[in-house]
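Summary of the model geometry
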Amino acid sequence: MKCMIGGGNVKVLGRAVYSLSRIGDELYLEPTEDGLSLRAINSSRSAFASFLFAPLFFQRYEAGGPLPSAELFRCKVHMKSFLGVFRSLPSLEKTVEKCLILLKPQLSRLVVQLHCKYGVTKTHNLTFQECERLQAVFDTQQCASRLRAPAQVLAEAVVHFPLTLAEVTLRVDPGGKISLRNYVEDEAEPSKTMVTELWLAKEEFEAVAAAPDSRITFCLREFRGLLSFAEASNLPLSIYYDAPGRPVVFTLEDTVLEVNLVLATLADPESGSQHPTGNGASHVPAPSDDFADDLESYMIAMETSAYEESSRGPPTPPGPLRTPQPPTSDPDDEEEEEEEGGAVPGTPPHKKFRSLFFGSVLTPGGPNVAPAQEVLAEDSDGEY
């Protein structure tokens, strides 16, 4: 893969990397015929973001090798390593004339060269790891509610919330007004809780087609990262969502750029019993008008390695999509495990943020527990 970026677009690429750094610790690069794709996913798999830069974004773009039939190479790099290349965004536009990105699979190196003024060239050799395909499948046309607003309007609204705020609730009242309110837990005491709520008129949005009295709660940190990119690029932001507990999709579209941010939403305990919960499946179900509660019918992570695609014929879904067979154990232990599996790592147990890609609640550990090892030497001191 070889691509050349002009000086004006280098800053745009840097903003995209900064936005993805709010999602995960690894940056996935996948050159395709449609352009260069940069993606990131968080550890709990409840947030996914992708930036697709079209070939017109680059001065020169070569996706693969010299042979047309050669398979495109995919890799991932450490986010902080790639972020260090674009350390100072204000100076990039002034000093950098062009940026060259080379992917060398034989040397296991990702080379990023910044050609600056006065003949100065900065070369960054980054190590990468060959990875499997990371792709989120979703259909925004199946969402019941759609909003579209200038990024500046939403950015001015969220600036009133503290940076330490974790979740925010978006609500559309029956009259058409849109509100943003900090999420307050049910157990919190009203007298000791500060509530911040902003109301936006329907006229401030470019398009509003939402179900009456609909609301969703999502993480604010990842949303801020996309807002900063959208505001700097002067692009309108579109929001697609359905019922609480189902993913919300934020999109940005331009002639040379396509951005998608998918976040898990907080499930509504009252409406959780109305929709049946599906188990993990070994196949990808097709989206339908009546969404099942399991997120697999709406959002699937497809991770298929290049080796499996070439040697095993048709790709088979990854392991997490299958329902693991639980080992034979005591019924009481199984009930305790089910109660502990109701929370995603990094969130309180009662917050039902579900895995966005595998349709199940993640547990701190995996399904396979390592067997206890034999103790060869006990502690010399029994007490401390």
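Provided above is the structure to which this section pertains.
Numbering of residues starts from 1 in each chain and follows the order in which that chain's sequence is written. Predicted model: local features are reported for residues with pLDDT of at least 70 only, side-chain atom pairs are reported and counted for 80 or more only, and whole-chain, interface and lining totals are derived from all residues. Note that water and hydrogens are dropped before the side-chain values are worked out from all heavy atoms of the structure.

Turning to the overall build of the protein, a few remarks are in order. Secondary structure elements follow DSSP: runs of H or I of four or more residues count as helices, runs of E of two or more count as strands, with numbering from the N terminus. Each helix and strand counted, the protein has seven helices and 21 strands in total. Only protein chains enter the calculation, and the probe is 1.4 Å; a residue is then buried if its accessible area is under 20% of its type maximum, exposed if over 50%, and partly exposed in between. Looking at the protein residue by residue over its 384 residues, the buried ones come to 45%. Should any heavy atoms of two residues lie within 4.5 Å, those residues are considered in contact. Counting contacts in the protein only where the partners sit at least 6 residues apart, residues at least 24 apart contribute 64% of the total. For the protein, the accessible area works out to roughly 21100 Å², and carbon and sulfur atoms hold 50% of it. Where accessible areas are quoted, they stem from the Shrake-Rupley method and a 1.4 Å probe; at the residue level, only the protein chains shown are allowed to cover.

Any helix carries an expected span of 1.5 Å times its number of residues minus one. Spanning 14 residues, helix H1 (residues 7-20) covers 21 Å between terminal C-alpha atoms, matching the ideal 20 Å at 1.5 Å per step. The buried fraction of H1 is high, at 10 of 14 residues.

The pairing test for Phe, Tyr and Trp rings, Trp by its six-membered ring, is centres within 6.5 Å, and the orientation test on the planes gives stacked under 30 degrees, edge-to-face over 60, and tilted for anything in between. What the rule picks out here adds up to nine aromatic pairs. Aromatic pair Phe51 and Phe53: ring centres 6.4 Å apart, planes at 20°, arrangement stacked. Phe53 matches Phe51 in its accessibility class, with the two residues each being buried. Between Phe223 and Phe250, the aromatic rings sit 4.9 Å apart at their centres with planes inclined by 40°, giving tilted as the arrangement.

Another point: the sheet that holds strand E2 (residues 26-32). In space, the 10 strands of this open sheet follow the order E10-E6-E2-E3-E4-E20-E19-E18-E12-E16, with antiparallel pairing throughout. The open sheet terminates on both sides in strands that have one partner only, identified here as strand E10 (129-130) and strand E16 (207-209). Here the rule is simple: two strands pair whenever DSSP picks up at least two bridges between them. The pairing of E2 with strand E3 (residues 35-41) spans five bridges and is classified as antiparallel. In the strand pairing of E3, Thr32 is matched with Gly35. Strand contacts of H1: E2, E3 and strand E4 (47-53), with the helix running at about 170° to E4, the strand carrying the most contacts. Here, axes are lines fitted to C-alpha atoms. For helices the fit covers the stretch in contact, and angles between N-to-C directions go from 0 to 180 degrees. This element, helix H4 (residues 151-158), spans strand E12 (145-150) and strand E18 (236-241) of the sheet and lies at about 90° to E12.

Okay, the packing of H1 against helix H5 (residues 220-233) next. At their nearest, the axes of H1 and H5 sit 8 Å apart, and the two run at 165° to each other. Between H1 and H5, the crossing angle belongs to the class labelled roughly antiparallel. Crossing angle aside, the handedness with which H1 passes H5 is left-handed. Between H1, through Val12, Arg15, Ala16 and Ser19, and H5, the contact on the second element is made entirely by Gly225, Leu226, Phe229 and Ala232. Convention used here: angles under 35 degrees read as roughly parallel, angles over 145 as roughly antiparallel, angles from 65 to 115 as roughly perpendicular, and any remaining angle as oblique. Crossing handedness: left-handed means the near helix sits turned counterclockwise from the far one by under a right angle, and right-handed means the same turn made clockwise.

At a minimum axis separation of 9 Å, H4 and H5 run at an interaxial angle of 140°. With respect to H5, the element H4 is oriented oblique. Between H4 and H5 lies a crossing whose hand is left-handed. Listed contacts from H5 to Ala151, Gln152, Leu154, Ala155 and Val158 of H4 are Leu220, Phe223, Arg224, Leu227, Ala230 and Glu231.

Notably, Ser108 is not glycine yet its phi reads approximately 55°, a positive angle. Residue Ser108 is classed as partly exposed on the basis of its relative accessible area of 34%. Even without being a glycine, Asn234 presents a positive backbone phi close to 60°.

Once that is clear, we can look at the pattern of salt bridges. Between side chains of opposite charge, pairing is possible as soon as their charged atoms come close. Any carboxyl oxygen of Asp or Glu within 4 Å of a side-chain nitrogen of Lys or Arg constitutes a salt bridge here. Throughout the structure, instances matching the rule amount to nine salt bridges. Between Arg148 and Glu206 there is a salt bridge, and its shortest N-O distance comes to 3.1 Å. Of this pair, Arg148 sits in strand E12 while Glu206 sits in the loop between strand E15 (197-200) and E16, and the two are 58 residues apart along the sequence. The salt bridge involving Asp213 is made with Arg215; its shortest N-O contact spans 3.7 Å. Exposure remark for Asp213: the relative accessible area of 38% places this residue in the partly exposed category. Connected through shared salt-bridge partners, Arg171, Asp213 and Arg215 make up one network.

What is shown is where atoms sit, not what they do.
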